[in-house]
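Residues per chain, in single letters:
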Amino acid sequence: MTDLEKIISYFKQISKIPRTSGDEQAISDYLVAFAKERNLEVIQDEYNNVIIKKPAFPGEEHRRPIIFQGHIDMVYVKTEDSDHRYEDGIEVLDNGEFLYAKDTTLGADNGIAVCYALMLLDGKDIKNPPLEFIFTVDEEVGMKGAENLDMSVLEGKALINLDSEEEKTLTVGCAGGVRYQGLIPVEKETASGEVIKITIQGLLGGHSGEEIHRQRGNANKMMARLLYHIAGEKNYRLSEIYGDRKSTRLNS
């Protein structure tokens with residue numbers, strides 16, 4: 001079996017394990033068991049971050065340790081007409097050229113990092129220096145895993161992050177994000193009159209890191225602008241505003 005075939009095999013294995021942000025216990029335990037079966041040093045912290053250490057290949061002990069890092073959580077979204085159950089894991093399909101998921105997100109971000117690491121950890125003929133593998137949680141929703149990682153247990157000084165979007169590319173920096181939670185005081189009231197539902201749909205969407213330069217529309221922002229404009233034209237009462245597809249929901 002080639003290295004690529006091993007990586008794909010591991011990816012299909014971990015895809016059976018539910019691992020959305022905030023629910024990484026099962027995949028974290030899987031990594032711990034994987035390491036213990038191979039007699040590798042493993043550390044699992046209270047956040048479910050996992051660190052696995054692989055000693056150098058005989059004769060390579062003098063080389064500097066290298067750290068590999070990736071995150072174990074994924075963004076789980078399914079199509080509106082799908083009856084897929086999250087707890088069943090991801091159904092991975094292979095058309096001979098690409099892997100893709102049936103009616104859900106695939107989870108290659110960042111499952112591919114996990115599988116590269118598993119291939120390296122399992123390899124017996126790789127003339128590797130001392131290796132340290134960091135698997136962090138909650139990357140997709142605020143970096144809680146990375147922020148709380150105890151790095152004092154690491155010996156390596158050079159780290160390779162396996163969360164780049166492009167092949168044959170080393171990423172030396174990236175844009176960050178800010179998550180803000182605010183509380184808006186409201187008073188509920190009983191209202192009467194005509195009920196109108198406004199829906200914004202059919203937008204292309206996209207990855208906030210990879211495709212932000214395409215200036216695609218954001219339904220939440222569009223709705224806010226529309227409501228602000230309507231407020232100048234007529235009086236209305238807002239019953240509910242709901243932004244689907246992760247992160248944004250406000251109910252009155």
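Further up the page is the structure itself.
Residues numbered from 1 in each chain as written. Predicted model: local features only at pLDDT ≥ 70, side-chain atom pairs only at ≥ 80, totals over all residues. Heavy atoms only, no water.

Asks: Can you explain the overall build of the chain? Please cite residues and give values.
Replies: Secondary structure summary: the chain contains 5 helices and 9 strands in total. Element order for the chain, N to C, with α for helix and β for strand: α-α-β-β-β-β-β-α-β-α-β-α-β-β. Over its C-alpha trace the chain gives a radius of gyration of 23 Å, far above what one expects of a compact globule, namely 18 Å for 252 residues. In terms of principal-axis extent, the alpha carbons of the chain reach across some 80 × 40 × 35 Å. Within the chain, the proportion of its 252 residues that are buried is 31%. Within the chain, contacts between residues at least 6 apart in sequence are counted, and of these 68% link residues at least 24 apart. If you sum the accessible surface of the chain, you get close to 17,800 Å²; carbon and sulfur atoms cover 51% of it. Charge-centre separation for the chain: the mean point of 30 positive side chains lies 1 Å from the mean point of 43 negative side chains. (Helix = DSSP H or I, 4+ residues; strand = E, 2+ residues; numbered from the N terminus. Rg over C-alpha atoms; globule rule 2.2 N^0.38 Å. Buried < 20%, exposed > 50% of the residue type's maximum accessible area, 1.4 Å probe, protein only. Contact = heavy atoms within 4.5 Å. Areas by Shrake-Rupley, 256 points an atom, 1.4 Å probe, with all protein chains shown as cover. Lys, Arg positive; Asp, Glu negative; His and termini not counted. Charge placed at Lys NZ, Arg CZ, Asp CG, Glu CD.)

Asks: Which residues make up the sheet that holds strand 1 (residues 41–44), and what values do they have?
Replies: Strand order in the open sheet formed by 5 strands is 1-2-6-3-7, and the pairing between neighbours is mixed. The open sheet terminates on both sides in strands that have one partner only, identified here as strand 1 and strand 7 (158–161). Here the average twist between neighbouring strands, direction ignored, is 20°. Here strand 3 (residues 66–71) pairs with strand 6 (residues 131–136) via 6 bridges, running parallel. Note on strand 6: the bridge partner recorded for Phe 68 is Phe 133. Together, strand 1, strand 2 (50–54) and strand 6 form the strand contacts of helix 2 (residues 25–37), whose direction differs from that of strand 1 by roughly 160°. (Pairing = 2+ DSSP bridges. Axes fitted to C-alpha atoms, helices over the stretch in contact; angles between N-to-C directions.)

Asks: An account of the nonpolar core is needed here, citing residue identities and associated values.
Replies: Residues Phe 133 and Phe 135 are the most contacted members of the largest nonpolar core, which totals 32 residues. When residues of this core are traced back to their parent elements, those giving at least two are helix 1 (3–14), helix 2, strand 2, helix 3 (108–122) and strand 6. Here the element with the most residues in this core is helix 3; it accounts for 7 residues. With residues up to four places along the chain from it excluded, the contact list for Phe 133 reads Val 50, Ile 51, Ile 52, Lys 54, Phe 68, Ala 117, Leu 120 and Leu 121. Residues Ile 67, Ile 134, Leu 149 and Leu 154 belong to the second largest nonpolar core, which totals 5 residues. (Core = buried A, V, L, I, M, F, W, Y, C linked by side-chain atoms within 4.5 Å.)

Asks: Help me get a handle on the pattern of salt bridges, residues and values and all.
Replies: What the rule picks out here adds up to 12 salt bridges. The partner of Lys 12 in a salt bridge is Asp 94, and the shortest N-O contact between them spans 4.0 Å. One end of the pair, Lys 12, is in helix 1; the other, Asp 94, is in strand 4 (residues 92–94), and 82 residues separate them in sequence. The partly exposed category is assigned to Lys 12, whose relative accessible area is 33%. In this structure, Asp 88 and Arg 85 form a salt bridge, with 3.0 Å as the shortest nitrogen-oxygen distance. The class for Arg 85 is partly exposed, based on a relative accessible area of 46%. If you follow the salt bridges from partner to partner, you end up with Glu 37, Arg 38 and Asp 122 in one network. (Salt bridge = Lys/Arg side-chain N within 4 Å of Asp/Glu carboxyl O.)

Asks: Tell me about the side chain of Asn 110, and name the residues and values.
Replies: Mapped onto the elements of the fold, Asn 110 is located in helix 3. A polar side-chain atom of Asn 110 sits 3.0 Å from the main-chain amide nitrogen of His 71. Here Asn 110 is in contact with Gly 70, His 71, Asp 73, Leu 162 and Asp 163, once residues within four sequence places are set aside. (Polar contact = N/O pair within 3.5 Å; in protein donor to acceptor, adjacent residues only side chain to side chain.)

Asks: Could you give me a rundown of the packing of aromatic side chains, with the residues and numbers involved?
Replies: Aromatic ring pairs are reported here in terms of the distance separating the ring centres and the angle at which the planes meet. Within this structure, the stated rule accounts for 4 aromatic pairs. Aromatic pair Tyr 10 and Phe 34: ring centres 5.9 Å apart, planes at 80°, arrangement edge-to-face. With Tyr 10 in helix 1 and Phe 34 in helix 2, the pair connects residues that are 24 residues apart, well separated along the chain. For the residue pair Tyr 10 and Phe 34, the accessibility class agrees, reading buried in each case. One aromatic cluster in this structure is built from Tyr 10, Tyr 30 and Phe 34. Above the face of the Phe 34 ring, Arg 38 is positioned so that its terminal group lies 3.6 Å from the ring centre. (Phe/Tyr/Trp six-rings, centres within 6.5 Å; stacked < 30°, edge-to-face > 60°. Lys NZ or Arg CZ within 6 Å of the ring centre and 35° of its normal.)

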